[in-house]
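In case you want the letters, here they are:
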Amino acid sequence: MMVESLLVMLIIGAVAGWLAGRIVEGYGFGMLGNIVVGIVGAFIAGLILPRLGFGVGGGVVQAFIHSTLGAVILLVLIRLVKRA
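Residues numbered from 1 in each chain as written. Predicted model: local features only at pLDDT ≥ 70, side-chain atom pairs only at ≥ 80, totals over all residues. Heavy atoms only, no water.

**Observations concerning the overall build of the chain**
Scanning the chain from terminus to terminus reveals three helices and zero strands. For the chain, the α and β elements follow one another from N to C terminus as α-α-α. Scaling as 2.2 N^0.38, a compact globule of 84 residues should have a C-alpha radius of gyration of about 12 Å, and the chain matches this with 12 Å. Dimensions of the chain, computed from the C-alpha atoms along their principal axes, are close to 35 × 25 × 20 Å. Here the chain, with 84 residues, has 31% of them falling under the buried criterion. When the accessible surface of the chain is split by element, carbon and sulfur atoms take 75% of a total near 5400 Å². (Helix = DSSP H or I, 4+ residues; strand = E, 2+ residues; numbered from the N terminus. Rg over C-alpha atoms; globule rule 2.2 N^0.38 Å. Buried < 20%, exposed > 50% of the residue type's maximum accessible area, 1.4 Å probe, protein only. Areas by Shrake-Rupley, 256 points an atom, 1.4 Å probe, with all protein chains shown as cover.)

Listed below in structure tokens is the structure:
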């Protein structure tokens with residue numbers, strides 16, 4: 001992975017984390033926490049979703065959709081774990 005790719009993943013993950021915090025209402029870790037969750041979700045989604053054959057759009061659009069989806073899934077999973 002090139003440095004540019006990592007930097008783009010971090011920026012897109014930060015925006016996706018903020019958006020995921022808005023999508024999953026009533027739950028979140030504040031703005032900074034959601035950005036971190038978005039970055040982690042972007043990394044996980046970037047590894048898993050293409051291998052599952054899930055792809056929407058291309059380039060930055062695909063990365064943003066994957067990152068947002070990964071962050072939303074991660075927020076929901078964290079919510080389920082905290083409730084248990």
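**As for the nonpolar core**
Among the nonpolar cores identified, the biggest contains seven residues, and these are A20, V24, V37, A71, V72, L74 and L75. When residues of this core are assigned to their parent elements, the largest contribution, four residues, is made by helix α3 (residues 60-83). (Core = buried A, V, L, I, M, F, W, Y, C linked by side-chain atoms within 4.5 Å.)

**Notes on α3**
Across its 24 residues, α3 extends 34 Å between first and last C-alpha, which sits within 8% of the 34 Å expected from 1.5 Å per residue. H66, S67, T68, G70, A71, V72, L74 and L75 are the residues of α3 that are buried. Turning to α3, the residues buried within the fold contact α1 (3-23) and α2 (30-48). (Expected span 1.5 Å × (residues − 1). Contact = heavy atoms within 4.5 Å.)

**Remarks on the side chain of T68**
Checked against the element boundaries, T68 lands in helix α3. Take T68: its relative accessible area is 10%, and that puts it in the buried class. Ignoring any residue separated from it by four or fewer positions in sequence, one finds T68 in contact with A16, L19, A20 and I23.

**Let's talk about a nonpolar patch on the surface**
The grouping of L32, V36, V40, F43, I44, L47, I48 and L52 at the surface amounts to a nonpolar patch, some 750 Å² of accessible area in total. Position of I48 among the secondary structure elements: in helix α2. You can call I48 partly exposed: its relative accessible area is 44%. (Patch = residues over 30% accessible without salt bridge, like charges linked within 9 Å, V, L, I, M, F, W, Y side chains within 5 Å. Salt bridge = Lys/Arg side-chain N within 4 Å of Asp/Glu carboxyl O.)

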